[in-house]
Amino acid sequence: MDLPIFQIDAFTLKNSSALSGNPAAVVPLDDWLDDRQMQEVAAENNLSETTFFVKQEDGTYHLRWFTPTSEVDLCGHATLATAHVIHQILGDTREQLPMTCQAGDISVTVLSKKSPVRYCLEFPERAPEAVTGKRLLNKVSKILNMEVIELLQSRDLIAVLKDEKAVQNCTPDFAALAELDCFALAITAPAQHGRIDFVSRFFAPRLGINEDPVTGSSFCSLTPLWAEKLGKNCLQARQISQRGGQLSLDLKDSRVRITGTTYHYMQGVIRIPD
């Protein structure tokens, strides 16, 4: 069985000549493969996420995402990459692309037609709650080898560090981090530069991803966190991984709007064994 595959960089840095953002594989399907096959393809691709999607009779796209080791319920950068494929390659010219996934109904709005095209994801807000007690906070501080100012949790653990430099210089103990009972760990701090409000990094060794380049779904929690801290709902963020990525964020009516750009890096055909 031969299937088309596209590799798209999502949440690329503005005004950057280098490849940036988070690469995702996107595989359009007429009918679902079985779960084992999709997981094997994702492991073979060895990217943070591979999206598989099927267009339904009502025009909605059903998305599923797989890391190299497991399926996840929501993924921002791979959704942005999928919107690129649907809009720019498959020719769906609707301004809003309706989608559904394990986490519920989502959508992507095409904000501009000029290159680079800007896409806006609309995701559910996942406001984090403070973790009480010092035991886990101290444990995370030891794993990060950094002082954790505040520890919160939604889907992910979120460690607020002192400043951008602390986020940039953090070198986690990934073996110890993989033992933590959490989906993943995001670290974050206020940004040093005026045009950016906050920075973050994202670690998910339990999912086979020591560090994810840009993690759209993490901003479902980081956006309400920093909106409250900074007293504004429209924010600019950078994920300061080695590749780096930039996002515009807007919190409204318990929904997080996440805007970014994409880059079509590669396409080809994959051959699924019978």
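Refer to the preceding data block for the structure.
First things first, this report covers the structure right here in the doc. (Residues numbered from 1 in each chain as written. Predicted model: local features only at pLDDT ≥ 70, side-chain atom pairs only at ≥ 80, totals over all residues. Heavy atoms only, no water.)

Its location among the elements puts Asn22 in strand E2 (residues 22-29). Sequence-distant contacts of Asn22, defined by excluding residues within four places in its chain, comprise Ile8, Asp9, Ala10, Ser48, His77, Asp212, Pro213 and Val214. (Helix = DSSP H or I, 4+ residues; strand = E, 2+ residues; numbered from the N terminus. Contact = heavy atoms within 4.5 Å.)

Looking now at the nonpolar core. In this structure, Phe11, Trp65, Met99, Phe198, Phe219, Leu249 and Ile258 are the most contacted members of the largest nonpolar core, which totals 53 residues. Leaving out residues up to four positions away in the same chain, Phe198 has contacts with Thr188, Ala189, Pro190, Ala191, Phe219, Leu222, Trp226, Leu235, Gln236, Ala237, Arg238 and Leu249. Grouped together as the second largest cluster of nonpolar side chains are 23 residues, Leu137, Cys170, Ile187 and Ile240 included. (Core = buried A, V, L, I, M, F, W, Y, C linked by side-chain atoms within 4.5 Å. Buried < 20%, exposed > 50% of the residue type's maximum accessible area, 1.4 Å probe, protein only.)

Looking now at the side chain of Ser20. Along the chain, the position of Ser20 falls in the loop between strand E1 (2-10) and E2. Only 2.9 Å separates the side chain of Ser20 from the backbone nitrogen of Leu13, close enough to count as a polar contact. (Polar contact = N/O pair within 3.5 Å; in protein donor to acceptor, adjacent residues only side chain to side chain.)

Once that is clear, we can look at unusual backbone geometry. The backbone of Asn46 shows a phi angle near 60 degrees, a positive value even though the residue is not glycine. With respect to the helices and strands, Asn46 occurs in the loop between helix H1 (35-45) and strand E3 (50-55).

Scanning the entire structure with this criterion turns up zero disulfides. Between Cys101, a free cysteine, and Cys220, which holds the nearest cysteine sulfur, the sulfur-to-sulfur gap is 9.9 Å. (Disulfide = S-S within 2.5 Å.)

Most of helix H6 (residues 219-230) is tucked away: nine of the 12 residues are buried. All of the buried residues in H6 are Phe219, Cys220, Ser221, Leu222, Thr223, Pro224, Leu225, Trp226 and Ala227. Two residues or fewer past H6, Gly231 is found with a positive phi of approximately 70 degrees.

Take the layout of surface pockets next. Of the voids in this model, the second largest pocket is the one considered here, and its volume is about 190 Å³. If you go around the second largest pocket, you meet 11 residues; those closest to its centre are His193, Arg195, Ile196, Arg238 and Gln246. Tallied by class, the residues present in the lining of the second largest pocket amount to four nonpolar, three polar and four charged. (1 Å grid on protein atoms, 1.4 Å probe; cavity = no way out; pocket = protein on both sides within 12 Å on 5 of 7 lines; lining within 4 Å. Points joined across faces, edges and corners; volume = space filled by probe spheres on them. Nonpolar A, V, L, I, M, F, W, Y, C, P; charged D, E, K, R; others polar.)

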